[in-house]
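The lines below spell out each chain.
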Amino acid sequence: MDWTIDNMPSMRGMTAIVTGANSGIGWEAAKVLAARHARVILAVRSVERGAAAKNRILAEAPQADVAVMRIDLADLPSVQAFADEVMERERKVNLLVNNAGVMAPSYQRTKQGLELQFGTNHIGHFALTLRLLPALCKGRGARVVTVSSMAHTMAKALDIPYLCGDGRYRRFASYAQSKLANLLFAYELQRRVQSRGLALQSIAAHPGFAATSLLDNGMFAKSTWVRPFARWVNRFAQPSEMGALPTLYAATHPDLVGGEYIGPVGGMRGYPGIVRSSDASYDVDAAKRLWDLSLELANIRPDDWIALADTM
Ligand SMILES: NC(=O)c1ccc[n+]([C@@H]2O[C@H](COP(=O)([O-])OP(=O)(O)OC[C@H]3O[C@@H](n4cnc5c(N)ncnc54)[C@H](OP(=O)(O)O)[C@@H]3O)[C@@H](O)[C@H]2O)c1
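Sequence order as written defines residue numbering, which begins from 1 separately in each chain. With the structure being a predicted model, the display of local features is reserved for residues of pLDDT at least 70 and the display and counting of side-chain atom pairs for 80 or more, all residues being used for whole-chain, interface and lining totals. Heavy atoms from the whole structure form the basis of all side-chain values; hydrogens and water molecules are not counted.

With an unreviewed UniProt entry as reference, the protein is termed NAD(P)-dependent dehydrogenase, short-chain alcohol dehydrogenase family, source organism Alicyclobacillus hesperidum.

Dropping the structure here:
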């Protein structure tokens, strides 16, 4: 049977955080979670765009409990400040959706000097997840959903020298590496929480090919012909509400145990189910190396992660 939002359980009493929730797949997912009675925090880098997104949700679900909080995933102090504020304001978090992303922009760096896609798509979310662990662990049936992409298959293996900026930059190669990193992280997090007996599940998802503003904001940003071109490309994509289904399935399906990858069973489009990612994404040694590198780049000491985990 095709899985749709009608199969979702009630989220009443649950708190969800969705990064990049002001547009595209993040907004669609946030809207449905809010309509299912979750308290939803829109984690956005522009409070103005976040407020507009909140109003669009309230227009469809007037009773929704939605808050807007600022985070710039390309700036680690901003990630830390966001996590600190969440820990102060919320008793617990039941769901973190690591959704925000940027695809194939011209070469740019995060505030801390990392290549923008690796820094935003992976390192920002890695830091956010670890910093939120104490709140996540207080949340009943807590889950972390990390949004990857079919583009991860373009990266045949994790290339750490490349990620550390060895001088080359290829837009799509970097996007693919960042999306492979999303998967390696999601699976490694699951192994680590499981080995510590923590009540948290880490699940990966991908939307297939969905009509969003990802093209406008990344590869073709600032180009005058981008909008008509993006509109033309998006004619071949599934609607963004379909693109959000794998995320929502990963966030709520009761049969999942952690460590799964959810995507359209048809590949680029269609209804969600458990799918397989590339062989490279299941490379446990690469995942450990990425974890250690990420701790270093996110400025989190190994002991800190264990301490964070032990507060759970
Ligand atoms: N659409 C697809 O076909 C497709 C396919 C595979 C994977 N994905 C993945 O799906 C996820 C969502 O993308 P989308 O397609 O929905 O594109 P989108 O509409 O462009 O959404 C991306 C979101 O990420 C936010 N973001 C970017 N950089 C950020 C930062 N430094 N800090 C905080 N937020 C930031 C954007 O905020 P602003 O509005 O402020 O820029 C926007 O809200 C991404 O991880 C993407 O890789 C999408």
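Still more to cover.
J.: Now, about the packing of helix 6 (residues 171–195) against helix 11 (residues 284–297): what can you tell me, with residues and values included?
T.: Between helix 6 and helix 11, the shortest axis-to-axis distance is 9 Å and the interhelical angle comes to 90°. Taken together, helix 6 and helix 11 sit at an angle that is classed as roughly perpendicular. Each of A181, L184, F185, E188, L189, R191 and R192 in helix 6 lies in contact with helix 11, whose residues at this interface are V284, A286, A287, K288, L290 and W291. Amino acids are sorted into nonpolar (Ala, Val, Leu, Ile, Met, Phe, Trp, Tyr, Cys and Pro), charged (Asp, Glu, Lys and Arg) and polar (every other residue, Gly among them). Tallied by class, the residues present in the contact of helix 6 with helix 11 amount to nine nonpolar, no polar and four charged. Axis lines are fitted through C-alpha atoms, for helices just across the contact stretch, and the angle between N-to-C directions can take any value from 0 to 180 degrees. Strands here are runs of E lasting at least two residues and helices are runs of H or I lasting at least four, both read from the DSSP assignment and numbered beginning at the N terminus. In this scheme, roughly parallel covers angles under 35 degrees and roughly antiparallel covers those over 145, while 65 to 115 is roughly perpendicular and the rest are oblique. Residue contacts are counted whenever heavy atoms from the two residues lie within 4.5 Å of one another.

J.: Outline the nonpolar core, listing residues and values.
T.: Nonpolar side chains in soluble globular proteins tend to end up buried together. Of all hydrophobic cores here, the largest spans 53 residues; its most connected members are I17, F82 and L130. The element that contributes the greatest number of residues to this core is helix 4 (residues 116–138), accounting for 10 residues. With residues near it in sequence (within four places) discarded, F82 still touches I17, I41, A43, M69, R70, I71 and L128. To qualify as a nonpolar core, a set must consist of buried Ala, Val, Leu, Ile, Met, Phe, Trp, Tyr and Cys residues joined through side-chain atoms within 4.5 Å. For each residue, the accessible area found with a 1.4 Å probe, counting protein chains only, is set against the maximum for its type, and the residue is called buried under 20%, exposed over 50%, and partly exposed in between.

J.: Give me the lowdown on the site of the ligand, citing residues and values where you can.
T.: We call a residue near a molecule or strand when any one of its heavy atoms sits within 4 Å of it. Surrounding the ligand, one finds 28 residues, the nearest of these being N22, R45, R49, Y175 and T212. Throughout this description, a polar contact denotes any pair of N or O atoms lying within 3.5 Å of each other; where both atoms belong to protein, one of them has to be capable of donating a hydrogen while the other can accept it, and for residues adjacent in sequence the pair is counted only when both atoms sit in side chains. The contact in question runs from an oxygen atom of the ligand to an N or O atom on the backbone of I25, over 2.9 Å. The backbone of N99 places a nitrogen or oxygen atom 2.7 Å from an oxygen atom of the ligand. Bound to the protein, the ligand loses 95% of the 890 Å² it would expose on its own. Elements with a contribution of two residues or more to the shell around the ligand: helix 1 (24–35), helix 6 and helix 7 (214–217). Considered class by class, the residues forming the shell around the ligand number 11 nonpolar, 13 polar and four charged. Working definition of accessibility: Shrake-Rupley area with a 1.4 Å probe, residue cover restricted to the visible protein chains.

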